Amino acid sequence: NSSQIASKSLKFCYDRLQSLMKTLEIIDTDDYYGLQLVADFGTLVGTYDRGFAIIIEPYDERLPSVPDPVIQLSCLDSSLAVRPVFDKFQSVVITSGTLSPIDLYPKILNFHPVVIQSLNMTLVRDCICPVILTKGADQMPVSSAFEMRDDPGVVRNYGKLLVDLSAVVPDGIVCFFVSYLYMDKIVSQWSDMGILRDIMQNKLVFIETQDVVETTLALDNYRRACDCGRGAVFFSVARGKVAEGIDFDRHYGRCVVMFGVPYQYTLSRILRARLEYLRETHGVSESDFLAFDAVRQAAQCVGRVIRSKADYGLMVLADRRYARADKRDKLPAWISQRIKEAHMHLDESMLLAVARQFMRSMAQPFDGATNSQMLLTEERLNSMMQT
(Lines give C-alpha, C1' and ligand atoms only; values in the text may rest on other atoms or scores of the structure.)
Protein backbone atom coordinates (compact mmCIF):
# COMPACT_ATOMS: atom_id res chain seq x y z
CA ASN A 1 0.00 0.00 0.00
CA SER A 2 1.18 3.50 -0.82
CA SER A 3 0.19 6.83 0.63
CA GLN A 4 0.44 10.30 -0.86
CA ILE A 5 0.87 13.75 0.67
CA ALA A 6 -0.14 16.94 -1.08
CA SER A 7 2.85 19.11 -1.96
CA LYS A 8 1.09 22.15 -0.51
CA SER A 9 1.06 20.52 2.93
CA LEU A 10 4.75 19.64 2.73
CA LYS A 11 5.66 23.17 1.72
CA PHE A 12 4.83 24.51 5.19
CA CYS A 13 6.51 21.73 7.23
CA TYR A 14 9.36 23.94 8.41
CA ASP A 15 7.16 26.91 9.34
CA ARG A 16 4.68 24.72 11.22
CA LEU A 17 7.43 22.96 13.17
CA GLN A 18 8.95 26.29 14.19
CA SER A 19 5.53 27.58 15.24
CA LEU A 20 4.87 24.45 17.28
CA MET A 21 8.24 24.67 19.07
CA LYS A 22 7.62 28.31 19.96
CA THR A 23 4.14 27.47 21.25
CA LEU A 24 5.54 24.71 23.45
CA GLU A 25 8.31 27.11 24.55
CA ILE A 26 11.07 24.68 23.63
CA ILE A 27 14.41 26.37 24.29
CA ASP A 28 16.95 23.60 23.68
CA THR A 29 16.33 23.13 19.96
CA ASP A 30 19.45 20.98 19.47
CA ASP A 31 17.56 17.99 20.85
CA TYR A 32 15.20 18.26 17.88
CA TYR A 33 17.86 18.71 15.22
CA GLY A 34 16.90 15.46 13.44
CA LEU A 35 13.24 16.47 13.33
CA GLN A 36 14.21 19.87 11.94
CA LEU A 37 16.18 18.18 9.14
CA VAL A 38 13.13 16.10 8.20
CA ALA A 39 10.95 19.22 8.18
CA ASP A 40 13.50 21.09 6.05
CA PHE A 41 13.59 18.22 3.57
CA GLY A 42 9.78 18.08 3.45
CA THR A 43 9.63 21.81 2.71
CA LEU A 44 12.15 21.48 -0.12
CA VAL A 45 10.25 18.54 -1.63
CA GLY A 46 6.98 20.48 -1.48
CA THR A 47 8.52 23.66 -2.89
CA TYR A 48 10.46 22.32 -5.87
CA ASP A 49 8.88 20.08 -8.48
CA ARG A 50 9.92 20.45 -12.11
CA GLY A 51 13.57 19.69 -12.72
CA PHE A 52 14.00 17.97 -9.34
CA ALA A 53 13.82 14.33 -8.29
CA ILE A 54 13.94 12.39 -5.04
CA ILE A 55 16.81 9.93 -5.27
CA ILE A 56 17.26 7.05 -2.84
CA GLU A 57 20.76 5.59 -2.77
CA PRO A 58 21.36 2.32 -0.84
CA TYR A 59 24.72 3.66 0.42
CA ASP A 60 26.92 6.72 0.49
CA GLU A 61 29.09 6.67 -2.66
CA ARG A 62 32.14 7.52 -0.54
CA LEU A 63 31.64 4.27 1.45
CA PRO A 64 30.07 1.81 -1.00
CA SER A 65 30.76 -1.17 1.27
CA VAL A 66 28.74 0.24 4.20
CA PRO A 67 24.91 -0.06 3.91
CA ASP A 68 23.67 3.44 4.69
CA PRO A 69 20.59 4.56 2.69
CA VAL A 70 20.65 8.18 1.60
CA ILE A 71 17.53 10.11 0.57
CA GLN A 72 18.23 13.32 -1.30
CA LEU A 73 16.46 15.90 -3.40
CA SER A 74 18.55 16.34 -6.52
CA CYS A 75 18.36 19.18 -9.05
CA LEU A 76 18.45 17.66 -12.54
CA ASP A 77 18.16 20.90 -14.52
CA SER A 78 21.13 23.26 -14.31
CA SER A 79 19.15 25.94 -16.18
CA LEU A 80 17.14 26.55 -12.99
CA ALA A 81 20.27 27.88 -11.26
CA VAL A 82 21.13 30.38 -14.00
CA ARG A 83 17.56 31.46 -14.84
CA PRO A 84 17.40 34.21 -12.11
CA VAL A 85 20.47 35.79 -13.71
CA PHE A 86 18.81 35.89 -17.13
CA ASP A 87 15.61 37.27 -15.61
CA LYS A 88 17.36 40.04 -13.69
CA PHE A 89 19.83 41.33 -16.28
CA GLN A 90 19.19 42.45 -19.85
CA SER A 91 22.64 41.43 -21.09
CA VAL A 92 24.54 38.39 -19.79
CA VAL A 93 28.03 37.39 -20.92
CA ILE A 94 29.12 33.81 -20.23
CA THR A 95 32.85 33.36 -20.69
CA SER A 96 35.30 30.60 -19.82
CA GLY A 97 38.34 28.86 -21.21
CA THR A 98 36.58 25.49 -21.14
CA LEU A 99 33.23 26.26 -22.84
CA SER A 100 33.61 23.52 -25.41
CA PRO A 101 31.74 22.37 -27.40
CA ILE A 102 30.17 25.79 -27.16
CA ASP A 103 26.90 24.85 -28.91
CA LEU A 104 25.94 22.40 -26.15
CA TYR A 105 25.67 25.01 -23.40
CA PRO A 106 22.55 26.77 -24.76
CA LYS A 107 20.77 23.38 -24.71
CA ILE A 108 21.80 22.48 -21.18
CA LEU A 109 21.17 25.97 -19.76
CA ASN A 110 18.03 26.47 -21.88
CA PHE A 111 18.68 29.90 -23.40
CA HIS A 112 18.98 31.38 -26.88
CA PRO A 113 22.31 33.18 -27.36
CA VAL A 114 22.41 36.35 -29.44
CA VAL A 115 26.14 36.05 -30.15
CA ILE A 116 28.43 33.03 -29.92
CA GLN A 117 32.11 33.79 -30.33
CA SER A 118 35.16 31.61 -29.79
CA LEU A 119 38.44 33.50 -29.39
CA ASN A 120 41.89 32.08 -29.95
CA MET A 121 44.74 32.64 -27.53
CA THR A 122 47.14 35.36 -28.64
CA LEU A 123 50.58 34.07 -27.73
CA VAL A 124 54.05 35.37 -28.61
CA ARG A 125 55.55 31.89 -28.22
CA ASP A 126 54.22 28.35 -28.05
CA CYS A 127 54.12 28.29 -24.26
CA ILE A 128 51.75 25.32 -23.98
CA CYS A 129 52.53 21.89 -25.35
CA PRO A 130 49.58 19.45 -25.26
CA VAL A 131 50.47 15.85 -26.10
CA ILE A 132 48.58 12.54 -26.12
CA LEU A 133 50.20 9.42 -24.70
CA THR A 134 48.70 6.24 -26.16
CA LYS A 135 51.42 3.67 -25.35
CA GLY A 136 53.71 2.98 -22.44
CA ALA A 137 57.39 2.16 -22.39
CA ASP A 138 56.59 -1.46 -23.35
CA GLN A 139 54.46 -0.32 -26.33
CA MET A 140 51.27 -1.54 -24.63
CA PRO A 141 48.23 0.80 -24.79
CA VAL A 142 47.44 2.88 -21.70
CA SER A 143 43.94 3.81 -20.59
CA SER A 144 41.75 4.15 -17.51
CA ALA A 145 38.90 2.32 -19.27
CA PHE A 146 37.10 -0.11 -16.99
CA GLU A 147 38.52 -3.21 -18.66
CA MET A 148 42.11 -1.90 -18.43
CA ARG A 149 42.35 0.13 -15.23
CA ASP A 150 43.31 -2.87 -13.05
CA ASP A 151 45.88 -4.16 -15.54
CA PRO A 152 49.28 -4.22 -13.76
CA GLY A 153 50.94 -3.32 -17.06
CA VAL A 154 48.95 -0.10 -17.35
CA VAL A 155 49.68 0.80 -13.71
CA ARG A 156 53.39 0.12 -14.24
CA ASN A 157 53.51 2.17 -17.46
CA TYR A 158 51.80 5.11 -15.77
CA GLY A 159 54.27 4.88 -12.91
CA LYS A 160 57.34 4.66 -15.15
CA LEU A 161 56.09 7.65 -17.12
CA LEU A 162 55.91 9.71 -13.94
CA VAL A 163 59.34 8.56 -12.76
CA ASP A 164 60.94 9.61 -16.05
CA LEU A 165 59.01 12.89 -16.26
CA SER A 166 60.10 13.79 -12.73
CA ALA A 167 63.69 13.54 -13.92
CA VAL A 168 63.12 15.70 -17.01
CA VAL A 169 60.63 18.37 -15.90
CA PRO A 170 61.90 21.01 -13.41
CA ASP A 171 60.00 22.26 -10.37
CA GLY A 172 56.37 21.14 -9.98
CA ILE A 173 54.36 18.36 -11.66
CA VAL A 174 50.62 17.97 -11.07
CA CYS A 175 48.88 14.64 -11.71
CA PHE A 176 45.13 14.19 -11.95
CA PHE A 177 43.30 10.87 -11.57
CA VAL A 178 39.71 10.05 -12.53
CA SER A 179 38.56 9.37 -8.94
CA TYR A 180 39.77 9.05 -5.35
CA LEU A 181 39.29 5.27 -5.50
CA TYR A 182 41.39 4.97 -8.66
CA MET A 183 44.11 7.21 -7.21
CA ASP A 184 44.25 5.19 -3.99
CA LYS A 185 44.57 1.92 -5.93
CA ILE A 186 47.32 3.19 -8.22
CA VAL A 187 49.34 4.88 -5.46
CA SER A 188 49.14 1.68 -3.37
CA GLN A 189 50.37 -0.43 -6.28
CA TRP A 190 53.11 2.08 -7.09
CA SER A 191 54.26 1.78 -3.49
CA ASP A 192 54.43 -2.02 -3.77
CA MET A 193 56.31 -1.78 -7.08
CA GLY A 194 58.87 0.66 -5.69
CA ILE A 195 57.77 3.36 -8.11
CA LEU A 196 56.99 5.90 -5.39
CA ARG A 197 60.50 5.45 -4.03
CA ASP A 198 61.95 6.15 -7.48
CA ILE A 199 59.80 9.27 -7.89
CA MET A 200 60.89 10.62 -4.50
CA GLN A 201 64.52 10.37 -5.53
CA ASN A 202 63.72 13.17 -7.99
CA LYS A 203 60.90 15.08 -6.30
CA LEU A 204 58.78 15.05 -3.15
CA VAL A 205 55.25 13.62 -3.40
CA PHE A 206 52.07 15.16 -1.96
CA ILE A 207 48.51 13.81 -2.19
CA GLU A 208 45.08 15.44 -2.13
CA THR A 209 42.63 13.85 0.29
CA GLN A 210 38.93 14.39 0.97
CA ASP A 211 39.90 16.24 4.16
CA VAL A 212 40.13 19.98 3.44
CA VAL A 213 42.68 20.68 6.18
CA GLU A 214 45.01 17.89 5.04
CA THR A 215 44.78 19.01 1.41
CA THR A 216 45.51 22.65 2.32
CA LEU A 217 48.57 21.57 4.29
CA ALA A 218 49.74 19.34 1.42
CA LEU A 219 49.39 22.23 -1.06
CA ASP A 220 51.36 24.55 1.23
CA ASN A 221 54.21 22.04 1.56
CA TYR A 222 54.10 21.37 -2.19
CA ARG A 223 54.65 25.06 -2.90
CA ARG A 224 57.49 25.20 -0.37
CA ALA A 225 59.22 22.28 -2.09
CA CYS A 226 58.93 24.08 -5.43
CA ASP A 227 60.13 27.38 -3.97
CA CYS A 228 63.27 25.87 -2.44
CA GLY A 229 64.23 24.07 -5.68
CA ARG A 230 63.62 20.53 -4.44
CA GLY A 231 60.68 20.06 -6.80
CA ALA A 232 57.49 18.16 -6.07
CA VAL A 233 54.69 16.04 -7.53
CA PHE A 234 51.09 16.63 -6.47
CA PHE A 235 48.50 13.87 -6.85
CA SER A 236 44.97 15.18 -7.27
CA VAL A 237 41.53 14.12 -8.50
CA ALA A 238 39.37 15.47 -11.31
CA ARG A 239 36.28 17.21 -9.88
CA GLY A 240 38.11 17.62 -6.57
CA LYS A 241 38.91 20.83 -4.72
CA VAL A 242 42.28 21.27 -6.41
CA ALA A 243 40.98 20.67 -9.95
CA GLU A 244 38.18 23.20 -9.52
CA GLY A 245 39.90 26.18 -7.94
CA ILE A 246 43.65 25.94 -7.38
CA ASP A 247 46.09 27.44 -9.89
CA PHE A 248 49.54 25.96 -10.48
CA ASP A 249 51.09 28.94 -12.21
CA ARG A 250 54.78 29.56 -12.90
CA HIS A 251 57.15 26.99 -11.34
CA TYR A 252 54.32 25.40 -9.35
CA GLY A 253 53.15 23.60 -12.48
CA ARG A 254 55.57 23.01 -15.34
CA CYS A 255 53.79 19.81 -16.32
CA VAL A 256 50.31 18.38 -15.75
CA VAL A 257 49.42 14.74 -16.37
CA MET A 258 45.81 13.62 -16.78
CA PHE A 259 45.73 9.88 -16.09
CA GLY A 260 42.66 8.62 -17.97
CA VAL A 261 39.38 10.16 -19.08
CA PRO A 262 37.39 11.44 -16.06
CA TYR A 263 33.96 10.01 -16.82
CA GLN A 264 31.36 10.27 -14.08
CA TYR A 265 30.30 7.13 -12.20
CA THR A 266 27.62 5.96 -14.63
CA LEU A 267 25.83 3.70 -12.12
CA SER A 268 24.98 6.66 -9.90
CA ARG A 269 21.21 7.00 -9.63
CA ILE A 270 21.51 10.79 -9.59
CA LEU A 271 23.46 10.75 -12.85
CA ARG A 272 21.04 8.31 -14.47
CA ALA A 273 18.10 10.52 -13.50
CA ARG A 274 19.84 13.61 -14.86
CA LEU A 275 20.73 11.90 -18.15
CA GLU A 276 17.12 10.84 -18.60
CA TYR A 277 15.91 14.37 -17.85
CA LEU A 278 18.37 15.95 -20.33
CA ARG A 279 17.36 13.48 -23.02
CA GLU A 280 13.61 14.02 -22.57
CA THR A 281 13.65 17.78 -21.92
CA HIS A 282 16.57 19.20 -23.90
CA GLY A 283 17.24 16.45 -26.45
CA VAL A 284 20.81 15.84 -25.24
CA SER A 285 21.86 12.19 -25.65
CA GLU A 286 23.56 10.30 -22.84
CA SER A 287 26.75 9.62 -24.79
CA ASP A 288 27.10 13.26 -25.87
CA PHE A 289 26.68 14.60 -22.35
CA LEU A 290 29.02 12.05 -20.72
CA ALA A 291 31.77 12.65 -23.29
CA PHE A 292 31.29 16.43 -23.10
CA ASP A 293 31.45 16.39 -19.29
CA ALA A 294 34.51 14.11 -19.16
CA VAL A 295 36.57 16.09 -21.70
CA ARG A 296 35.53 19.38 -20.10
CA GLN A 297 36.84 18.12 -16.76
CA ALA A 298 40.09 17.00 -18.40
CA ALA A 299 40.50 20.45 -19.97
CA GLN A 300 39.78 22.04 -16.59
CA CYS A 301 42.58 19.95 -15.06
CA VAL A 302 45.28 20.51 -17.67
CA GLY A 303 44.44 24.21 -17.85
CA ARG A 304 45.60 24.66 -14.24
CA VAL A 305 49.21 25.12 -15.41
CA ILE A 306 48.81 28.07 -17.77
CA ARG A 307 47.73 31.29 -16.07
CA SER A 308 49.38 34.05 -18.13
CA LYS A 309 51.14 34.72 -21.43
CA ALA A 310 54.51 34.56 -19.67
CA ASP A 311 53.70 31.14 -18.17
CA TYR A 312 54.43 27.80 -19.82
CA GLY A 313 53.58 24.16 -19.23
CA LEU A 314 53.50 20.65 -20.71
CA MET A 315 50.03 19.04 -20.87
CA VAL A 316 49.99 15.23 -20.99
CA LEU A 317 46.72 13.46 -21.77
CA ALA A 318 47.65 9.91 -20.80
CA ASP A 319 44.94 7.76 -22.35
CA ARG A 320 44.67 6.33 -25.86
CA ARG A 321 41.03 7.52 -26.11
CA TYR A 322 42.15 11.16 -26.38
CA ALA A 323 43.63 10.34 -29.78
CA ARG A 324 40.13 9.72 -31.16
CA ALA A 325 38.54 12.61 -33.04
CA ASP A 326 35.33 12.47 -30.99
CA LYS A 327 37.36 13.25 -27.84
CA ARG A 328 39.79 15.78 -29.34
CA ASP A 329 36.99 17.78 -30.95
CA LYS A 330 35.44 18.41 -27.55
CA LEU A 331 38.61 19.98 -26.17
CA PRO A 332 38.74 23.81 -26.14
CA ALA A 333 40.20 25.21 -29.36
CA TRP A 334 43.16 26.77 -27.54
CA ILE A 335 44.24 23.24 -26.59
CA SER A 336 43.12 21.14 -29.57
CA GLN A 337 44.62 23.51 -32.16
CA ARG A 338 48.01 23.20 -30.49
CA ILE A 339 48.10 19.41 -30.55
CA LYS A 340 50.48 18.71 -33.42
CA GLU A 341 49.88 15.71 -35.64
CA ALA A 342 53.18 14.24 -34.46
CA HIS A 343 52.07 14.56 -30.81
CA MET A 344 48.81 12.59 -31.04
CA HIS A 345 50.07 9.00 -30.76
CA LEU A 346 53.14 9.11 -28.53
CA ASP A 347 54.78 6.34 -26.57
CA GLU A 348 56.81 7.17 -23.47
CA SER A 349 60.18 7.59 -25.18
CA MET A 350 58.71 9.96 -27.78
CA LEU A 351 56.95 11.93 -25.04
CA LEU A 352 60.15 12.34 -23.05
CA ALA A 353 61.94 13.64 -26.17
CA VAL A 354 59.15 16.20 -26.70
CA ALA A 355 59.32 17.19 -23.01
CA ARG A 356 63.09 17.75 -23.12
CA GLN A 357 62.87 19.86 -26.27
CA PHE A 358 59.95 21.92 -24.92
CA MET A 359 61.62 22.60 -21.56
CA ARG A 360 64.86 23.65 -23.29
CA SER A 361 63.03 26.07 -25.59
CA MET A 362 61.04 27.57 -22.72
CA ALA A 363 64.22 28.08 -20.69
CA GLN A 364 65.47 30.66 -23.21
CA PRO A 365 65.25 34.37 -22.23
CA PHE A 366 61.80 35.85 -22.85
CA ASP A 367 60.94 39.53 -23.28
CA GLY A 368 57.61 40.06 -21.55
CA ALA A 369 57.17 43.43 -23.29
CA THR A 370 56.40 41.64 -26.56
CA ASN A 371 53.08 40.53 -25.08
CA SER A 372 51.65 43.97 -25.86
CA GLN A 373 52.13 43.25 -29.57
CA MET A 374 49.62 40.39 -29.37
CA LEU A 375 46.65 42.30 -27.98
CA LEU A 376 43.39 42.44 -29.97
CA THR A 377 43.23 45.48 -32.25
CA GLU A 378 40.23 47.76 -32.65
CA GLU A 379 39.69 46.45 -36.18
CA ARG A 380 39.63 42.88 -34.92
CA LEU A 381 37.10 43.76 -32.22
CA ASN A 382 34.86 45.53 -34.75
CA SER A 383 34.95 42.56 -37.11
CA MET A 384 33.99 40.26 -34.24
CA MET A 385 31.02 42.48 -33.37
CA GLN A 386 29.82 42.43 -36.98
CA THR A 387 29.92 38.62 -37.15
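The structure this text deals with has already been given above.
Residues numbered from 1 in each chain as written. Predicted model: local features only at pLDDT ≥ 70, side-chain atom pairs only at ≥ 80, totals over all residues. Heavy atoms only, no water.

It is worth spelling out the environment of Gln72 at this point. Here Gln72 is to be found in strand 2 (residues 70-75). With 107 residues separating them in the primary sequence, Gln72 and Ser179 have C-alpha atoms 22 Å apart. Leave out the neighbours within four places in its chain, and Gln72 touches Phe41, Ala53, Ile54, Ile55, Glu57 and Ile270. (Helix = DSSP H or I, 4+ residues; strand = E, 2+ residues; numbered from the N terminus. Contact = heavy atoms within 4.5 Å.)

One non-glycine residue, Glu25, adopts positive backbone phi at about 55 degrees. On the secondary structure map, Glu25 appears in the loop between helix 2 (13-23) and helix 3 (33-47). Looking at Glu25, the relative accessible area reads 66%, which means it is exposed. A positive phi angle is found at Asp171, which is not glycine, with a value near 60 degrees. Within the secondary structure layout, Asp171 lies in the loop between helix 6 (152-168) and strand 4 (172-177). What makes Asp171 partly exposed here is its relative accessible area of 23%. (Buried < 20%, exposed > 50% of the residue type's maximum accessible area, 1.4 Å probe, protein only.)

This paragraph deals with the side chain of Lys327. Take Lys327: it is sitting in helix 13 (residues 325-328). A polar contact of 3.4 Å, which involves the side chain of Lys327, links it to the side chain of Asp326. Beyond its immediate stretch of four places on either side in the chain, Lys327 contacts Tyr263, Val295, Arg321 and Tyr322. (Polar contact = N/O pair within 3.5 Å; in protein donor to acceptor, adjacent residues only side chain to side chain.)

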